[in-house]
Amino acid sequence: MEFFKIRRDIPFMENALVFNVVSVITFLAAVFFLVTRGLHLSVEFTGGTVMEVAYSQPADVEHVRRTVSALGYTDVQVQNFGTSRDVMIRLPAQKGVSSAQQSERTLQALKATDQGVSLRRVEFVGPQVGEELVSNGLKALAMVVAGIMIYLALRFEWKFAVAAIIANLHDVVIILGFFAFFQWEFSLAVLAAVLAVLGYSVNESVIIFDRIRESFRRYRKLTTVQTIDHAITSTISRTIITHGSTQIMVLSMLLFGGATLHYFALALTIGILFGIYSSVFVAAAIAMWLGVKREDLVKTDRKREGDPNDPNAGATV
């Protein structure tokens, strides 16, 4: 399916150096904010009090959030669980205040607005649990990166594997840089979004890499730069349709999903935008700088030399 038919190849690689410089500057800025400001970790990572309360009727989550925030908590998490009457509240740890004191004070504030609320469960999540989550999250990220590299090296060529990993890490670091700069809350949901972006971004890179290999086989007169430009141009229609549909869904979560899905959808929104950019101007460009050539991907070629704009190109001999 092609909604956008482009007759002539767009010379993307002519400006590859400029975009790579922009990418480097953006990447370094993200690293700078990560080092100087750090991530604003949620209760799951830092430790705190988890409360489960039940209402006699469907709870107004936004009202509960405002009530708890009025107690001085800036990092409170409030969401439904199980049914619409059950609410989970995560409170950050406070120095000199016990978990029991936090829960009692919060329950009193909630009962002041609705006497039908009751406490189901309260527990303290220690910081050691957060350290374990951070460790497991980093291990998951490392395993995903290693798996992607092995897959691309076997499927294509090591130059493509290196290019894709650099592009993917570029996306991840920039997402984290946004969260560090604006001090948005980094939770387990955001970590899940980052891992999802890794897979999403590499999928776009694989589409372009596969078209590059196909173009190398069909059009032997084209240079490497021309082949890459043709591969990217020929996938633009697919990119617009696929990413446009995905972005609409993610934006709907961002705008209408409420506070629970806000940062998750925000991380996905940033990741999708930069994923498209990195697949074209980072991954493909790095593969070009590494010197990928026809001989790396095509061992035998029975196609006739031709040009992608020639309707007779690619005919078998």
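Caption draft 1: A look at the pairing of strand S4 (residues 83-92). Counted residue by residue, S4 has 7 buried out of 10 residues, so it is predominantly covered. Judged from the 7 bridges that link them, strand S2 (residues 48-54) and S4 form a sheet pairing that is antiparallel. Bridge pairing in S4 places Gly-48 opposite Pro-92. Examined bridge by bridge, strand S3 (residues 77-81) and S4 share 5 bridges and lie antiparallel to one another. What sits directly across from Gln-77, in S4, is Arg-90. Where S3 hands over to S4, the hairpin turn is made up of 1 residue, of which Gly-82 adopts a positive phi near 75 degrees.

Caption draft 2: Representation of the confidence of the model for the protein chain in the model. For the protein chain, the average pLDDT comes to 84, and 91% of its residues sit at 70 or higher. The spread of mean pLDDT over the elements of the protein chain runs between helix H5 (residues 127-155), the lowest at 76, and helix H1 (residues 16-36), the highest at 93. Low pLDDT, under 50, characterises residues 301-305; the predicted model gives this stretch 18 contacts beyond four residues in sequence or across chains.

Caption draft 3: Structural context of the sheet that holds S4. Read across the open sheet, the 4 strands follow the order S3-S4-S2-S5; overall the sheet is antiparallel. What marks the edges here is a single partner per strand, and that holds for S3 and strand S5 (118-125). Neighbour-to-neighbour, the strand axes of the sheet open up by a mean angle of 20 degrees, direction not taken into account. Helix-sheet contacts for helix H4 (residues 99-113) involve S2, S4 and S5, and the interaxial angle to S2 is about 35 degrees.

Each value, and the rule that gives it
Per chain, the residues get numbers from 1 upward, laid out in the order the sequence is written. Residue-level local features of this predicted model are given only where pLDDT is at least 70; pairs of side-chain atoms are given and counted only at 80 or more, and the full residue set underlies all totals for whole chains, interfaces and linings. Here the side-chain values reflect all heavy atoms present in the structure, with hydrogen atoms and water set aside. Burial classification: accessible surface area is computed with a 1.4 Å probe over protein chains only, and a residue below 20% of its type maximum counts as buried, one above 50% as exposed, and the rest as partly exposed. The way it works is that DSSP assigns letters per residue, a run of H or I at least four long becomes a helix, a run of E at least two long becomes a strand, and they are numbered from the N terminus. A pair of strands is treated as paired once DSSP finds two or more bridges between them. pLDDT expresses, on a scale from 0 to 100, how confident the predictor is about each individual residue. Contacts are assigned to residue pairs that have any heavy atoms within 4.5 Å of one another. Note on definitions: angles span 0 to 180 degrees between N-to-C directions of axes, and those axes are lines fitted to C-alpha atoms, for helices only across the stretch in contact.

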